[in-house]
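The lines below spell out each chain.
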Amino acid sequence: MKKIEAIIRKSKFSEVKEALHNVGVVFFSYWDVTGLGNEKEGHVYRSITYSTSDIQRRYLSIVVNDDFEDITVKTIIESAKTGEVGDGKIFVSDIAECYRIRTGEKGGETLK
Amino acid sequence: MKKIEAIIRKSKFSEVKEALHNVGVVFFSYWDVTGLGNEKEGHVYRSITYSTSDIQRRYLSIVVNDDFEDITVKTIIESAKTGEVGDGKIFVSDIAECYRIRTGEKGGETLK
Amino acid sequence: MKKIEAIIRKSKFSEVKEALHNVGVVFFSYWDVTGLGNEKEGHVYRSITYSTSDIQRRYLSIVVNDDFEDITVKTIIESAKTGEVGDGKIFVSDIAECYRIRTGEKGGETLK
Amino acid sequence: MEELTNQITEINGVLDIFWILVAGIFVFFMQAGFTLVEAGFTRSKNTINIVMKNLMDLCIGSLGFWAIGYTIMYGESIGKFIGSPSLFYNEPGDMHNLFFQTVFCATAATIVSGAVAERTKFSTYIIFSLIMTTIIYPISGHWVWQGDGWLTELGFIDFAGSTVVHSVGGWAGLVAAALIGPRIGKYTGGKSNAILGHNMMYGALGVFILWLGWFGFNPGSELAISGGSANNVANIVITTNLAAAAGAVTALILTWVKYGKPDLSMTLNGALAGLVGITAGCAAVSPVGAALIGAISGFTVVVSIAVIDKNLKIDDPVGAISVHGVVGALGTLLVGVFATDGGLFYGGGFKQLGVQAIGVFSIGAWAIVATFIVLFILKKTIGLRVPEQDEIKGLDITEHGMNAYND
Amino acid sequence: MEELTNQITEINGVLDIFWILVAGIFVFFMQAGFTLVEAGFTRSKNTINIVMKNLMDLCIGSLGFWAIGYTIMYGESIGKFIGSPSLFYNEPGDMHNLFFQTVFCATAATIVSGAVAERTKFSTYIIFSLIMTTIIYPISGHWVWQGDGWLTELGFIDFAGSTVVHSVGGWAGLVAAALIGPRIGKYTGGKSNAILGHNMMYGALGVFILWLGWFGFNPGSELAISGGSANNVANIVITTNLAAAAGAVTALILTWVKYGKPDLSMTLNGALAGLVGITAGCAAVSPVGAALIGAISGFTVVVSIAVIDKNLKIDDPVGAISVHGVVGALGTLLVGVFATDGGLFYGGGFKQLGVQAIGVFSIGAWAIVATFIVLFILKKTIGLRVPEQDEIKGLDITEHGMNAYND
Amino acid sequence: MEELTNQITEINGVLDIFWILVAGIFVFFMQAGFTLVEAGFTRSKNTINIVMKNLMDLCIGSLGFWAIGYTIMYGESIGKFIGSPSLFYNEPGDMHNLFFQTVFCATAATIVSGAVAERTKFSTYIIFSLIMTTIIYPISGHWVWQGDGWLTELGFIDFAGSTVVHSVGGWAGLVAAALIGPRIGKYTGGKSNAILGHNMMYGALGVFILWLGWFGFNPGSELAISGGSANNVANIVITTNLAAAAGAVTALILTWVKYGKPDLSMTLNGALAGLVGITAGCAAVSPVGAALIGAISGFTVVVSIAVIDKNLKIDDPVGAISVHGVVGALGTLLVGVFATDGGLFYGGGFKQLGVQAIGVFSIGAWAIVATFIVLFILKKTIGLRVPEQDEIKGLDITEHGMNAYND
Ligand SMILES: Nc1ncnc2c1ncn2[C@@H]1O[C@H](COP(=O)(O)OP(=O)(O)O)[C@@H](O)[C@H]1O
Ligand SMILES: Nc1ncnc2c1ncn2[C@@H]1O[C@H](COP(=O)(O)OP(=O)(O)O)[C@@H](O)[C@H]1O
Ligand SMILES: Nc1ncnc2c1ncn2[C@@H]1O[C@H](COP(=O)(O)OP(=O)(O)O)[C@@H](O)[C@H]1O
């Protein structure tokens, strides 16, 4: 099992969600984070011009069976991309074990 | 060392916290996330009936020594379960190293 | 590639951010969490004296190439430390793969 | 003796001015109420934009109505259709009226901002707001409230402005919302989706403030408190309060029965509907009549919001079209039914009702046509909507460079 | 000449009506204040429910008090205990009084909602609210304010309602909170746990609004402003303001000394306590007396909240029982001490104090018994509390199908 | 006959008291406005502290001004510089004035809290607030408003207190902000950093409430409404409203042109600047003059905020120094320019302008010197600032033991 963590633009979230849905990835968790990266946003507040790289992002955490890894990554890349700096990153790591609380069962079956 | 990530119902949190406490798991971090899963909630807003699977959940991240893995997982499953769809998931993965900032020491000792 | 997760005091965040910046770690994501640990805070609310170990913390998630692991950990420990109970923890784990959404490229290059 | 009589006359004049000013101050505060309701019923990413619009239509309305609008409305009548305009009104003995009318004008303007929330270009809104407060509103207002207007002569009753203020704002909002189109994501696959308001406490506080302001709006429209007016004012306070209460209770029950749970946002709209509904007839109906008008308004608003949203597929985030347009018109018609003097239920036949219908219809037509022309021109020139990406990101950051909420 | 005298009499009448209406409008606004304080002092998951309760007791109170409550309170006295009821009050020259009394009635009702917050069934609350505003409050109000009530005849002084309004609400809240029981998690292992309020800014804004409203509540209870009343009204404004300030300062100092830090939520309660405490005697005491009453009230509320919470183990999330019940009673008693005419400290002996005690006690007993009976019946029928799981999830989503805060 | 004349005189007296009280109540509400603006424009971790400061300066001001401040300001003049103090003012026929002046005094005090927000020790602020309301403000107030003060005799015009109230508060804020120093992180490497306000909706609601309150502040300063005063009051309502609107519009345009986007927080400051700017001359200028003063004020405040922040490097989180100090002084000077009777633009020459300058300068000097002495002593004794770690953690948790926002 793999955990796929994607950090994307908030404004792309509904597209990504729909795209994932279309390829059958319908279980995941998400929350809002602040990201530091290459992108900078320029602002003015009360006459002070400033530029910040602390930008609001959405963090998706998706655990999938190994055979879903590629399609999930591919789908996110396609749907979250604008081509501008700041589109975000995807990180893949291993999950050792996985349980469904409701039933207590474990293993890849719980991800379906 | 293992990282145990549990996504549970917000309303079950105090029970889970207490249960973990009782088995000696008193160090962890948590935050609120939105989860997509099997569970759906039906609502009405300004005459529009809709059903959403974007449900508020609580995310627990607990790093424990290997010998604590089983009891932690078991405790969460027992205390977070209602038997209804939407009770959540537990994911276990490996932690390579671990540090206590205050002292700079590393390894499993820091988790005690 | 490694994922370095650090849970630090909110009040230490700007120092840590600057210190990381100085050693060239400028890409990461962070969010606020509640942490349970050794530290306790005593409060009074409407005449009730209580002590809580549910303390607001900041969670940093930093994915770096292997050669950056040590310096990142070291920098965080130095800049986040106050010496008082509650300074937080750092967890290191492996990342299997990594993608830049904007370009679709993968591997350690995307972290630079 | 004459001296004393004069002094008494002066005192009565002072009382009236005093009351009009206090009432006007309460009406002024409604701007805060509208801002809170609109912001609360929309998403947090558009809060600054909504505040800006409400603040600006107040400011532009204050300046524009003084600069020219007031005389277009109240200047000597030209053919019963429009007042003779003059610039920068400054009539020392009449400033209390200028103030009272200014805050009414600002109300009409601000209604529109709710209907077009979350997607409209700020600059476009500003221009429309200027035209609304200097031309559209003053002209139809002239017909009814100047004294020589053609609707006055017909015997049209709109005591405090269910039609003159509220439905003008509501119909303008209808045209604007239709022309601008729905928010992205509001209708997908022919289905209307719920887009939740971000802070129901703001919505509720806004309604309390609006309700408060209405105690200036309706009773203040007596434009006097001396002599017999004092009791009239008190009566209007009661009819206003009962209609609001009845509107809220009716909406509560209706949503409870219909959707299984008592819905706060609809109940709040119900209270506002009661207030809008009673505005035309607040001085003409009995307390029982007021409670009934309130109940009918509360019922209507719940149905109307559903129909406009789901059947007409016009996206009105806060329900402004239903609350102010539909219920404003309805309330004006109901005067013909519930007026204790001349109403259908009081043996007055259909005459008053007919006159009311003419007024409602002609003013509605004016508001719709005028708004359409203005917005059509703006559409062809500077455009009505923000770019799609800006709408998704939120107007606060894209139009104003800042989020409303930070750490 | 007579003509002129009549006109002058009329003007004085107008002034009084004018003032009563303005004061009533300020009192009306207290509903927003209560809503904000209660919502701010409780958890975010119950915000909509709290708003709904406050909105509904206003609406139900407005309708119910008009429909029957007003005449039960002010109708011709039947044996000094109750007014002769009649339906749908409509006395053209008296509507200002109906309005003023309506908003007072709504205040008494809304106090209860704070004490029972976060766990009570919405439908149960609605029913109780209806009975409170049409029966419980009007009856004891009759004893003191109708003119022929038995407590009036005894010489009981409760100028603006420390007892008639506030402690009635407070005692009803006490019974309700005790019967309904504490919130889940409030008491564990015999220990009282802190359940933090979710927005202190709401709490503070609410207190500012309540303080504002009290400038209608107390000075408005003069029920006149013409002639010598003008100075009385001004005096009452000052006593009211000083008591509030003294209450807040005292609570601040006390929490600072006792708990090490100046606690906002207690200081806010201190200001409210000062206001409640002065309500009975606002017209009878000197400024110094007012400041002292305020200080005593501020001190008492801090102690009382601790005792009720930790010793009596009655869970009152916002401190309504202490602020309105305990301090309301205390303030009424203190009239017997500080009244410049007849008070203990001014050489008046214990007579007035005794009468005050009778009033406080008998009205308290009435409120407690009546509330107990009503709630006991409701408990045996539809129940008082929401199911445990609903309470944990929050009443907003379970009772109203929506969260107060969204993106 | 004489009887009737007396009654008429009494009625006029009642009208004036009535108006002063109502106006005072509106001014009182400004405390809520200030609290909201200051809290909204600062970080969430300091919200409770800001509420506490605003609440406490109201309470301390209410008590202190009554206890001694009022007579220092309005007592019989000692050498035109200070009133004869007496304790615990209690003059039955004058309590309306005590109230009106109390809320003005609280306004002056509360301005300071904005300038020193997010870093000042709570106990230090409390002490300063006490001295401000009992000594600093009453003394300079005496010079202008007591009737025998030296500035009154010179012919200095400050109708409602652009200088007496606002710039005294503003200059005190300037000295305090400079002495206390900037917030940690505000200036790094010689650069001024943006520290975002945490809730723009609070800021906006606060400005609406302040604007409302100003309809008590300026028109109430007529201190009468009977006879010819009624029209004066109405005039002042209009000049006040136009200046606010013009100030907001000007600030909007200026930030739009200068920084590319219309900035809400500056626009809100623009509205406040318009209000402060017109305060001195609200009764002396025409509507056009008022609009111009508002526009100049709105322009000035945007420039002034930038200069104070970026050039002088004085950290004023909410812009209090610019809004109240700079624009207060400017508005007072502009009376010499726009007064229809005696102003420079109306052929009056430089005389009035010169007198205005003397007043602005001498009162400014007094406020600066007095504040400096007080704060210098406090600095050497209990200290002005919280410890660095406390500031970083936030004053809410460190000074008051609680966060403003919870679940
Ligand atoms: N190494 C990293 N560790 C954790 N989060 C990262 C890392 N690199 C990027 N991110 C997240 O991805 C977001 C986008 O990255 P950015 O560098 O701005 O754009 P791009 O990937 O297009 O070059 C950042 O704001 C941050 O939240
Ligand atoms: N594969 C997954 N990856 C990440 N989070 C998941 C995943 N599956 C479930 N979750 C989280 O668990 C929550 C509960 O899951 P759900 O499918 O609704 O119930 P159940 O596990 O009882 O079938 C979801 O809302 C989501 O937050
Ligand atoms: N095993 C753990 N798993 C996850 N988070 C932890 C763990 N241990 C500590 N933390 C986080 O680190 C924070 C600080 O830990 P604490 O025990 O209070 O201090 P210290 O590390 O100095 O002993 C906690 O509040 C919690 O957020």
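This text goes with the structure placed above it.
Worth saying up front: this structure is predicted, and the values here are computed from it rather than measured.

### Observations concerning the packing of helix α1 (residues 13–22) of chain A against helix α2 (residues 69–80) of chain A
All names here are of chain A.
Turning to step 1, where the next piece is worked out: Relative to each other, α1 and α2 sit at 145°, their axes nearing to 9 Å. Remark: the crossing between α1 and α2 carries right-handed chirality. In contact with Glu15, Val16, Ala19 and Leu20 of α1, α2 contributes Thr72, Thr75, Ile76, Ser79 and Ala80.
Turning to step 2, where the next piece is worked out: Here the residues of the contact of α1 with α2 are counted per class, giving five nonpolar, three polar and one charged.

### Points about the site of ligand 2
Turning to step 1, where the next piece is worked out: Taken together, 22 residues surround ligand 2, and among them Val63 and Arg102 of chain A together with Asn38, Gly86 and Lys89 of chain B come closest.
Turning to step 2, where the next piece is worked out: Residues within reach of ligand 2 are spread across chains A and B.
Turning to step 3, where the next piece is worked out: Contact with the protein chains covers 100% of the free accessible surface of ligand 2, which is 560 Å².
Turning to step 4, where the next piece is worked out: For the shell around ligand 2, the elements supplying multiple residues, two or more each, are β2 (28–45) and β3 (48–64) of chain A together with β2 (28–45) and β4 (89–94) of chain B.
Turning to step 5, where the next piece is worked out: A per-element tally of the shell around ligand 2 places β2 of chain B first, with five residues.
Turning to step 6, where the next piece is worked out: Here the shell around ligand 2 is composed, by residue class, of nine nonpolar, seven polar and six charged.

### Topic: the environment of Ser229 of chain F
Residues and elements named next belong to chain F.
Turning to step 1, where the next piece is worked out: Among the structural elements, Ser229 can be located in helix α8 (residues 229–259).
Turning to step 2, where the next piece is worked out: Separated by 213 residues in sequence, Ser229 and Asp16 have C-alpha atoms that sit 9.3 Å apart.
Turning to step 3, where the next piece is worked out: Setting aside anything within four residues of it in sequence, one finds Ser229 in contact with Glu222 and Ala224.

### Quick notes on the packing of aromatic side chains
Turning to step 1, where the next piece is worked out: For the coordinates displayed, the defined rule picks out 84 aromatic pairs over all chains.
Turning to step 2, where the next piece is worked out: Each ring, one from Trp31 of chain B and one from Tyr59 of chain B, has its centre 4.9 Å from the other, and the planes form 15°; the classification is stacked. Here Trp31 of chain B is found in strand β2, whereas its partner Tyr59 of chain B is found in strand β3 (residues 48–64), with 28 residues between them in sequence. For the pair formed by Trp31 of chain B and Tyr59 of chain B, the shared burial category is buried.
Turning to step 3, where the next piece is worked out: Centroid distance Phe65 of chain E to Tyr137 of chain E: 6.2 Å. Interplanar angle 50°. Geometry classified as tilted.

### Points about unusual backbone geometry
Turning to step 1, where the next piece is worked out: For Arg46 of chain B, which is not a glycine, the phi torsion comes out positive at approximately 50°.
Turning to step 2, where the next piece is worked out: Along the chain, the position of Arg46 of chain B falls in the loop between β2 and β3.

### Description of the relation of the copies chain D and chain E
Turning to step 1, where the next piece is worked out: When chain D is fitted onto chain E, the two copies agree to an RMSD of 0.0 Å after a turn of 120° and an axial shift of 0.0 Å. This pairing of chains is accounted for by a three-fold axis.

### Quick look at the site of ligand 1
Turning to step 1, where the next piece is worked out: Around ligand 1, a shell composed of 22 residues is seen, among which Asn38, Gly86 and Lys89 of chain A together with Val63 and Arg102 of chain C lie nearest.
Turning to step 2, where the next piece is worked out: Bordering ligand 1 are residues originating from chains A and C.
Turning to step 3, where the next piece is worked out: With respect to ligand 1, the side chain of Lys89 of chain A contributes an N or O atom lying 2.8 Å from an oxygen atom.
Turning to step 4, where the next piece is worked out: For ligand 1, whose unbound accessible area comes to 550 Å², protein coverage reaches 99%.
Turning to step 5, where the next piece is worked out: Among the secondary structure elements, those contributing two or more residues to the shell around ligand 1 are β2 and β4 (89–94) of chain A together with β2 (28–45) and β3 (48–64) of chain C.
Turning to step 6, where the next piece is worked out: For the shell around ligand 1, the element with the highest residue contribution is β2 of chain A, accounting for five residues.
Turning to step 7, where the next piece is worked out: Partitioning the shell around ligand 1 into residue classes produces nine nonpolar, seven polar and six charged.

### Section: the pattern of salt bridges
Turning to step 1, where the next piece is worked out: Inspection of every chain in the model, using the stated rule, returns 60 salt bridges over all chains.
Turning to step 2, where the next piece is worked out: The salt bridge involving Arg9 of chain B is made with Asp87 of chain B; its shortest N-O contact spans 2.8 Å. Taken as a pair, Arg9 of chain B in strand β1 (residues 2–9) and Asp87 of chain B in the loop between α2 (69–80) and β4 lie far apart in primary sequence, 78 residues in all.
Turning to step 3, where the next piece is worked out: Residue classification places Arg9 of chain B among the buried positions, given a relative accessible area of 10%.
Turning to step 4, where the next piece is worked out: With relative accessibility at 0%, the residue Asp87 of chain B sits in the buried group.
Turning to step 5, where the next piece is worked out: Linked by salt bridges that have partners in common, Lys3 and Glu5 of chain A, Lys3 and Glu5 of chain B together with Lys3 and Glu5 of chain C make up one network.

### Quick word on the environment of Gly203 of chain E
Turning to step 1, where the next piece is worked out: Here Gly203 of chain E shows up in helix α7 (residues 200–220).
Turning to step 2, where the next piece is worked out: Not counting residues up to four positions away in its chain, the partners in contact with Gly203 of chain E are Leu36, Val37, Gly40, Phe41 and Leu268 of chain E.

### Some thoughts on the interface of chain D and chain E
Turning to step 1, where the next piece is worked out: Between chain D and chain E, the residue contacts involve 57 residues of the former and 58 residues of the latter.
Turning to step 2, where the next piece is worked out: The largest share of the area that chain D buries against chain E comes from Ile8, Met201 and Phe208 of chain D, three residues that together contribute 15% of it.
Turning to step 3, where the next piece is worked out: Scanning the region where chain D abuts chain E turns up zero salt bridges.
Turning to step 4, where the next piece is worked out: One can count eight residue pairs in polar contact (both at pLDDT 80 or more) joining chain D with chain E.
Turning to step 5, where the next piece is worked out: At the level of elements, α1 (2–40), α7 (200–220), α8 (229–259), α9 (264–279) and α10 (287–311) of chain D are the ones that each hand at least two residues to the side of chain D that touches chain E.
Turning to step 6, where the next piece is worked out: For the side of chain D that touches chain E, the per-class residue count stands at 40 nonpolar, 14 polar and three charged.

### Brief notes about a nonpolar patch on the surface
Residue and element names in this part refer to chain D.
Turning to step 1, where the next piece is worked out: There is a patch of nonpolar side chains on the surface, built from Ile368, Val369, Phe372, Ile373, Phe376 and Ile377 and spanning about 510 Å² of accessible area.
Turning to step 2, where the next piece is worked out: Mapping Ile368 onto the fold places it in helix α12 (residues 351–380).
Turning to step 3, where the next piece is worked out: A residue is classified by how much of its surface remains accessible, and Ile368, at 33% relative accessible area, is partly exposed.

### A look at the pairing of strand β5 (residues 97–100) of chain A
Turning to step 1, where the next piece is worked out: The side-chain alternation of β5 of chain A yields two buried faces, one formed by Glu97 and Tyr99 of chain A and the other by Cys98 and Arg100 of chain A.
Turning to step 2, where the next piece is worked out: Pairing geometry for β5 of chain A and β4 of chain B, over four bridges, is antiparallel. Bridge assignment links Cys98 of chain A to a residue of β4 of chain B, and that residue is Phe91 of chain B.

### Section: the environment of Ile139 of chain F
All names here are of chain F.
Turning to step 1, where the next piece is worked out: Here Ile139 shows up in helix α4 (residues 122–145).
Turning to step 2, where the next piece is worked out: Here the alpha-carbon distance between Ile139 and Ser162, two residues 23 residues apart in the chain, equals 16 Å.
Turning to step 3, where the next piece is worked out: Excluding anything up to four places from it in sequence, Ile139 contacts Ile72, Phe81, Ile82 and Trp366.

### Structural notes on the packing of helix α4 (residues 122–145) of chain D against α12 of chain D
Residue and element names in this part refer to chain D.
Turning to step 1, where the next piece is worked out: Two elements in contact, α4 and α12, have axes whose closest approach is 10 Å; the angle formed by their N-to-C orientations is 155°. Overall, the two elements α4 and α12 adopt an arrangement that is roughly antiparallel. Classified by chirality, the crossing of α12 by α4 is right-handed. Contacts between α4 and α12 involve Thr124, Ile127, Phe128, Ile131, Ile135, Ile136, Ile139, Ser140, Trp143 and Val144 from the former and Ser362, Ile363, Trp366, Ala370, Thr371, Val374, Leu375 and Leu378 from the latter.
Turning to step 2, where the next piece is worked out: Taken together, the residues of the contact of α4 with α12 break down into 14 nonpolar, four polar and no charged.

Calculation rules
- Residues numbered from 1 in each chain as written.
- Chains lettered and ligands numbered in written order.
- Predicted model: local features only at pLDDT ≥ 70, side-chain atom pairs only at ≥ 80, totals over all residues.
- Heavy atoms only, no water.
- Axes fitted to C-alpha atoms, helices over the stretch in contact; angles between N-to-C directions.
- Helix = DSSP H or I, 4+ residues; strand = E, 2+ residues; numbered from the N terminus.
- Left-handed = near helix turned anticlockwise from the far one by under 90°.
- Contact = heavy atoms within 4.5 Å.
- Nonpolar A, V, L, I, M, F, W, Y, C, P; charged D, E, K, R; others polar.
- Near = heavy atom within 4 Å.
- Areas by Shrake-Rupley, 256 points an atom, 1.4 Å probe, with all protein chains shown as cover.
- Phe/Tyr/Trp six-rings, centres within 6.5 Å; stacked < 30°, edge-to-face > 60°.
- Buried < 20%, exposed > 50% of the residue type's maximum accessible area, 1.4 Å probe, protein only.
- Least-squares fit on C-alpha atoms with pLDDT ≥ 70 in both.
- Polar contact = N/O pair within 3.5 Å; in protein donor to acceptor, adjacent residues only side chain to side chain.
- Salt bridge = Lys/Arg side-chain N within 4 Å of Asp/Glu carboxyl O.
- Buried area = accessible area lost by both parts, 1.4 Å probe.
- Patch = residues over 30% accessible without salt bridge, like charges linked within 9 Å, V, L, I, M, F, W, Y side chains within 5 Å.
- Pairing = 2+ DSSP bridges.
- Parallel < 35°, antiparallel > 145°, perpendicular 65-115°, else oblique.

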